[in-house]
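# Structural features, examined
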Amino acid sequence: MKMYSEPQDLGKYLDRELVCACGHTHHVPIRAVEIGPGALETLPEHIRRLGYRKPFLLCDPITRRVAGERCERLLRETGIDCVCHTLEHLGFDEATLGEIVIRLPRDADLMIGVGTGSITDMTRFSSFRLGLPCFTVATGAPMDGFAASIGILNVNGLKLTLPAHCTEVIIGDTDILRTAPYRMTVAGFGDLIGKLNCLNDWELGRIVNDEHYCPQIAALVRGCVEDILRKAPRIRERDPEVLGDVMRGLVLSGAAISLYGNSRPASGAEHHMSHYWEVVNEQRGTEGAMHGEQVAVGTVLMLTLAEELLREGTPDFETARAFARAYDEAVWEKEIRRAYGGAAGEILALERSARKNAVPERLRRIDSMEAHWAEIRARLETLPSAASLTELLREIGCPCTPQEIGIDAPVLRDTFLYCKEVRARYTLLQLVYDLGLLEKLAGRVIARSVT
Ligand SMILES: [Zn+2]
Ligand SMILES: [Zn+2]
């Protein structure tokens with residue numbers, strides 16, 4: 001089948017091969033997504049339709065009360081034999097995995113994760129390793145991981161991202177989502193608005209590096225963010241329709257990752273900031289803000305940086321070339337060791353293979369920026385203003401400044417200068433760095449953000 005030229009409903013992208021004009025064939029192996037009031041009622045129907053007979057449901061004590069008990073009752077009432085297990089080991093580590101294996105009935109042919117984040121990650125990972133399919137029943141929508149094909153768990157005390165598979169069916173019953181803590185919904189919204197920046201980063205990669213870009217997938221993600229931005233003020237009222245839209249947007253942006261084959265359509269510098277803050281929080285032993293809250297703050301910071309860059313006017317490319325040639329890798333490495341502490345080894349290894357800061361590559365990118373500056377400027381001018389996004393976030397009660405999520409000025413400076421090193425992915429931060437303006441403009445953004 002041909003990839004749609006205009007964005008369509010989420011259902012039209014599921015479980016089919018889409019041959020795209022971008023040169024890729026897109027595929028997401030999710031069979032069905034049910035979002036709306038009473039969506040849980042469709043669970044038995046999906047189990048039967050896909051030919052499963054004995055589901056094993058996984059909950060924690062809270063999600064059992066919120067949705068697990070209802071799932072179990074519903075399945076029993078419709079004649080489906082099931083076992084619902086409430087996890088006792090909630091570290092989402094080796095012990096949790098062991099508990100799942102011990103409790104799994106030998107004749108179970110499907111696993112259903114009832115919850116958000118950790119439980120659904122664990123269900124995807126354990127079912128993948130046990131050779132069983134899995135479903136997700138969401139009890140909240142704080143981030144876009146529902147459609148992911150990875151599992152995150154703690155191994156030997158370290159958080160690892162491991163290969164897993166996609167869930168076959170995702171159910172987001174808005175009657176249940178309404179009961180989730182409001183902060184969770186706001187975080188989900190924050191993760192979604194991050195797409196404003198990451199789509200911009202992807203376009204910059206296309207313009208400067210001739211990076212592969214899929215306009216259809218970008219339009220799909222952009223369309224859903226724009227839709228949710230219009231409806232955002234109704235989040236505060238817990239309007240079930242808008243909660244459903246947030247969940248749908250999060251599933252869709254996760255599906256875009258699967259469709260594209262990597263996280264380019266859903267993760268840019270705003271996510272690199274969040275990853276860096278996680279590193280810092282872990283080393284300090286402090287509890288960080290929720291992922292989506294961090295992404296919201298990162299997005300405001302990146303929009304502010306784009307504004308400061310535009311204020312600079314046309315950059316001086318000769319100064320940029322001189323700055324690139326003066327690069328001292330030893331100095332940079334010392335700074336990375338300081339900024340990343342125990343996590344520096346991984347960052348240095350990544351740069352050894354990616355070489356994104358190496359002089360010849362930078363000179364090439366500077367040439368490309370000079371040739372395409374009008375296009376880059378036009379792209380940056382399409383971004384919404386940091387002030388308008390801040391106002392919207394305040395209205396719904398989402399953190400929008402670094403202080404509100406526990407990030408002080410020194411960490412913020414390191415974030416601007418070094419968070420781009422967590423991935424080998426081109427973003428506005430690399431662009432500003434290549435121009436030799438990162439330190440200067442970051443200083444201006446920090447002065448605007450930390451008052
Ligand atoms: Zn995210
Ligand atoms: Zn495509």
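The present account deals with the structure reproduced in this document. (Residues numbered from 1 in each chain as written. Chains lettered and ligands numbered in written order. Predicted model: local features only at pLDDT ≥ 70, side-chain atom pairs only at ≥ 80, totals over all residues. Heavy atoms only, no water.)

This part takes up the coordination of the zinc ion (ligand 2). For the zinc ion (ligand 2), the full set of protein donor atoms is Cys20 (SG), Cys22 (SG), His26 (NE2) and Cys214 (SG), at a range of 2.0 to 2.3 Å. Sequence spacing among the residues donating to the zinc ion (ligand 2) works out to C-x1-C-x3-H-x187-C. On the criterion of sequence distance, the pair formed by His26 in strand β2 (residues 25-26) and Cys214 in the loop between α6 (182-209) and α7 (215-231) is long-range, its members being 188 residues apart. Overall, the relative accessible area of 0% leaves His26 in the buried class. When its relative accessible area of 0% is taken as the criterion, Cys214 is described as buried. (Donors = N, O, S within 2.8 Å, 3.2 Å for Na, K, Ca; no water. Helix = DSSP H or I, 4+ residues; strand = E, 2+ residues; numbered from the N terminus. Buried < 20%, exposed > 50% of the residue type's maximum accessible area, 1.4 Å probe, protein only.)

The next thing to look at is the state of the cysteines. All told, the structure shown has 0 disulfides when counted by the stated rule. Here Cys82 is not disulfide-linked; the sulfur of Cys84 is the nearest cysteine sulfur, at 6.9 Å. (Disulfide = S-S within 2.5 Å.)

Any two packed helices are characterised by how steeply their axes cross, that is the angle between the axes, and by the distance between the axes. Orientation of helix α3 (residues 94-103) relative to helix α4 (residues 118-130), taken along the N-to-C sense of each, is 55°, at an axis distance of 11 Å. Taken together, α3 and α4 sit at an angle that is classed as oblique. In this structure, the crossing between α3 and α4 has a hand that is right-handed. Judged by residue contacts, Thr96, Leu97, Ile100 and Val101 of α3 engage Met122, Phe125, Ser126 and Leu130 from α4. Its residues assigned to classes, the contact of α3 with α4 shows 6 nonpolar, 2 polar and no charged. (Axes fitted to C-alpha atoms, helices over the stretch in contact; angles between N-to-C directions. Parallel < 35°, antiparallel > 145°, perpendicular 65-115°, else oblique. Left-handed = near helix turned anticlockwise from the far one by under 90°. Contact = heavy atoms within 4.5 Å. Nonpolar A, V, L, I, M, F, W, Y, C, P; charged D, E, K, R; others polar.)

On to the coordination of the zinc ion (ligand 1). Around the zinc ion (ligand 1), the donor atoms from the protein are Asp191 (OD), Asp191 (OD), His271 (NE2) and His291 (NE2), and they sit 2.1 to 2.8 Å away. Here the zinc ion (ligand 1) is ringed by 4 donor atoms whose angles at the metal span 51 to 141°, and the overall shape comes out irregular. If you list the donors of the zinc ion (ligand 1) from N- to C-terminus, the spacing comes out as D-x79-H-x19-H. Of this pair, Asp191 sits in helix α6 while His271 sits in helix α9 (residues 269-284), and the two are 80 residues apart along the sequence. Each member of the pair, Asp191 together with His271, is buried. (Tetrahedral: all angles 85-135°; square planar, octahedral: opposite > 155°, others 65-115°.)

On to the sheet that holds strand β3 (residues 32-36), then. With parallel pairing, the 6 strands of this open sheet are ordered in space as β3-β10-β7-β6-β4-β5. Two strands close off the open sheet at either side, each with one partner strand: β3 and β5 (83-86). Between one strand and the next, the sheet's axes are offset by a mean angle of 15°, whatever the strand orientation. Of the strand pairs in this sheet, strand β4 (residues 55-59) and strand β6 (residues 110-115) are connected by 4 bridges, and their pairing is parallel. In the sheet register, Leu57 faces β6, and the bridge partner there is Ile112. Across the sheet, helix α8 (residues 240-260) lies against β3, β7 (134-138) and β10 (169-173), angled at about 160° from β3, the strand it touches most. (Pairing = 2+ DSSP bridges.)

Each pair of aromatic rings is reported with the distance of its centres and the angle of its planes. Under the definition given, this model contains 7 aromatic pairs. Arranged with centres 6.1 Å apart and planes meeting at 70°, the rings of Tyr52 and Phe135 form a pair that is edge-to-face. Highlighted residues: Tyr52 in the loop between α1 (43-49) and β4 and Phe135 in strand β7, separated in sequence by 83 residues. A relative accessible area of 17% places Tyr52 in the buried class. The class for Phe135 is buried, based on a relative accessible area of 1%. One aromatic cluster is present, formed by Trp202, Tyr213 and Tyr260 through successive ring pairs. Here Lys420 stacks its cationic end above the ring of Tyr433, 4.1 Å away from the centre of that ring. (Phe/Tyr/Trp six-rings, centres within 6.5 Å; stacked < 30°, edge-to-face > 60°. Lys NZ or Arg CZ within 6 Å of the ring centre and 35° of its normal.)

So, about the pattern of salt bridges. For the structure on display, the rule yields 46 salt bridges. When the shortest N-O distance is used, the salt bridge between Glu203 and Arg222 registers 3.6 Å. In this pair, Glu203 sits in helix α6 while Arg222 sits in helix α7, placing the two residues 19 residues apart along the sequence. The exposure class assigned to Arg222 is partly exposed, which follows from its relative accessible area of 24%. A salt bridge links Asp414 to Arg338; the shortest N-O distance between them is 2.8 Å. Here Asp414 is found in helix α17 (residues 409-418), whereas its partner Arg338 is found in helix α12 (residues 329-340), with 76 residues between them in sequence. Overall, Asp414 belongs to the buried group, its relative accessible area being 10%. The network of salt bridges with common partners includes Glu307, Glu308, Arg311, Glu312, Lys440, Arg444 and Arg448. (Salt bridge = Lys/Arg side-chain N within 4 Å of Asp/Glu carboxyl O.)

Of note in this structure, Asp15 is not a glycine but carries a positive phi near 55°. Topologically, Asp15 is positioned in the segment before β1 (18-19). In this structure Asp15 comes out as partly exposed when scored by relative accessible area, which is 39%. Backbone geometry at Phe92 places phi at a positive 50°, although glycine is not the residue there. Mapped onto the fold, Phe92 is located in the loop between β5 and α3. Under the relative-accessibility criterion, Phe92 is labelled buried at 11%.

All right, on to the nonpolar core then. Among the nonpolar cores identified, the biggest contains 113 residues, and Trp277, Leu309, Met369, Phe416, Leu428 and Leu431 are the most heavily contacted of them. If you look at the next biggest cluster of nonpolar residues, it comprises 24 residues, including Ala32, Ala39, Leu57 and Cys84. (Core = buried A, V, L, I, M, F, W, Y, C linked by side-chain atoms within 4.5 Å.)

With 6 of 6 residues buried, β6 is to be regarded as a mostly interior element. Residues of β6 alternate between two faces, with Leu110, Ile112 and Val114 on one and Met111, Gly113 and Gly115 on the opposite face, all of them buried. Here β6 pairs with β7 via 5 bridges, running parallel. Paired with Gly115 across the bridge in β7 is Ala138. Viewed along the sheet, the connection from β6 through α4 into β7 turns out right-handed. (Right-handed = clockwise from strand over helix to strand, strands pointing away.)

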